[in-house]
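Geometric and topological summary
In case you want the letters, here they are:
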Amino acid sequence: MTYYEQVQQAADFIRERTDLRPRTAIILGSGLGELAERIQDAEIIPYKEIPGFPPSHVAGHAARLVFGRVGQREIVAMQGRFHYYEGLSMRELCLPVYVLGRLGVRDLVVTNACGAVNTNFSPGDLMLITDHINLSGRNPLIGPNDERLGPRFPDMSEAYDPALGCFARETAESLEIGLREGVYAFYSGPSFETAAEIRAFKALGADAVGMSTVPEVIAARHQGLRVLGLSCITNMATGIAATKHSHLEVLATAAASAERFCALCDALLRDWPE
Ligand code: HPA
């Protein structure tokens, strides 16, 4: 089966399971899955039931699609995402993003937990992603290109949609929620970075570093989806932080910021500019 056929098969399966046809999707990162509890009239599809969806095993990540409404707006949430460090290929881990596109999604909100490289940031801060640096040397579009999914050489000059960025700034301001802005660097993980790596990433222009998001954003832009990126800073990166890192620390800080994060996302989704 070709990749395109795999995408179609998963999309056909989902269309049979729900009548909802949301135009906006959100991918919920580590410790940020609580937002799914705010989705009304939820219709849940576990990833493991969807043909072609990769298996998912990371602690702190549920593994299901949640269709429903926030206010009047239909949305679909990926509660739990796939990571390159799980051993999936970039293509495999991006399949759900192509499925969302096939289902009619036009706008994608990507969220994550990440470490701060910018020393002005603090754990618990929320950050609007203005751009990214792909430090992995990998790309989900490597291999034969299927023009039905997108062009061979997609432009990435506005990977994070400027108008959606303005909308996020205005919404955060109206809620009096502080919103940092910066460049997200993607590091494959699963080991955390060394202090020398963080110094290098800082010199390259990174404000934050994490192990997700960039593959999905590339797949989204390939299809022409508009992207809004939001990060929760869960720790200062290696060499800046006074203590050693742990995934539990990441989850705990994300959970402590979840209320603000959820309030912001809830307001964004409710008033989403079509
Ligand atoms: N590095 C990489 N990924 C992360 C971090 C970090 O410090 N914190 C949360 N995700």
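Report on the accompanying structure.

**Some points on the site of the ligand**
Taken together, Ala113, Cys114, Gly115, Phe192, Glu193, Val209, Gly210, Met211, Thr234, Asn235 and Val250 are the residues near the ligand. A distance of 2.9 Å separates a nitrogen atom of the ligand from a polar atom in the side chain of Glu193. A total of 260 Å² of accessible area belongs to the ligand in isolation, and the protein chains cover 95% of it. Looking at the shell around the ligand, the elements that each hand over two or more residues are β5 (107-116), β8 (208-210) and β9 (226-236). Looking at the shell around the ligand element by element, the count peaks at three residues for β5. Counted by class, the shell around the ligand contains six nonpolar, four polar and one charged residues.

**Focus on the packing of helix α1 (residues 3-17) against helix α2 (residues 90-102)**
Taken N-terminus to C-terminus, the directions of α1 and α2 make an angle of 55 degrees; their axes are 9 Å apart at the nearest point. One element, α1, and the other, α2, form an angle in the oblique class. For the crossing formed where α1 meets α2, the hand is right-handed. Facing α1, whose interface residues are Tyr3, Tyr4, Gln6, Val7, Gln8, Ala10, Ala11, Ile14 and Arg15, α2 presents Arg91, Cys94, Leu95, Tyr98, Val99 and Arg102. Its residues placed into classes, the contact of α1 with α2 shows ten nonpolar, two polar and three charged.

**What to know about the pattern of salt bridges**
Scanning the entire structure with this criterion turns up 13 salt bridges. As a salt-bridge pair, Glu274 and Arg73 come within 3.2 Å of each other at their nearest N and O atoms. Here Arg73 lies in strand β4 (residues 73-79) and Glu274 lies in the segment after α6 (247-270), a separation of 201 residues in the sequence. Classification of Glu274 as exposed rests on a relative accessible area of 60%. Shared partners join several salt bridges into a network, and the residues in it are Arg23, Arg73 and Glu274.

What counts and how
- Residues numbered from 1 in each chain as written.
- Predicted model: local features only at pLDDT ≥ 70, side-chain atom pairs only at ≥ 80, totals over all residues.
- Heavy atoms only, no water.
- Near = heavy atom within 4 Å.
- Polar contact = N/O pair within 3.5 Å; in protein donor to acceptor, adjacent residues only side chain to side chain.
- Areas by Shrake-Rupley, 256 points an atom, 1.4 Å probe, with all protein chains shown as cover.
- Helix = DSSP H or I, 4+ residues; strand = E, 2+ residues; numbered from the N terminus.
- Nonpolar A, V, L, I, M, F, W, Y, C, P; charged D, E, K, R; others polar.
- Axes fitted to C-alpha atoms, helices over the stretch in contact; angles between N-to-C directions.
- Parallel < 35°, antiparallel > 145°, perpendicular 65-115°, else oblique.
- Left-handed = near helix turned anticlockwise from the far one by under 90°.
- Contact = heavy atoms within 4.5 Å.
- Salt bridge = Lys/Arg side-chain N within 4 Å of Asp/Glu carboxyl O.
- Buried < 20%, exposed > 50% of the residue type's maximum accessible area, 1.4 Å probe, protein only.

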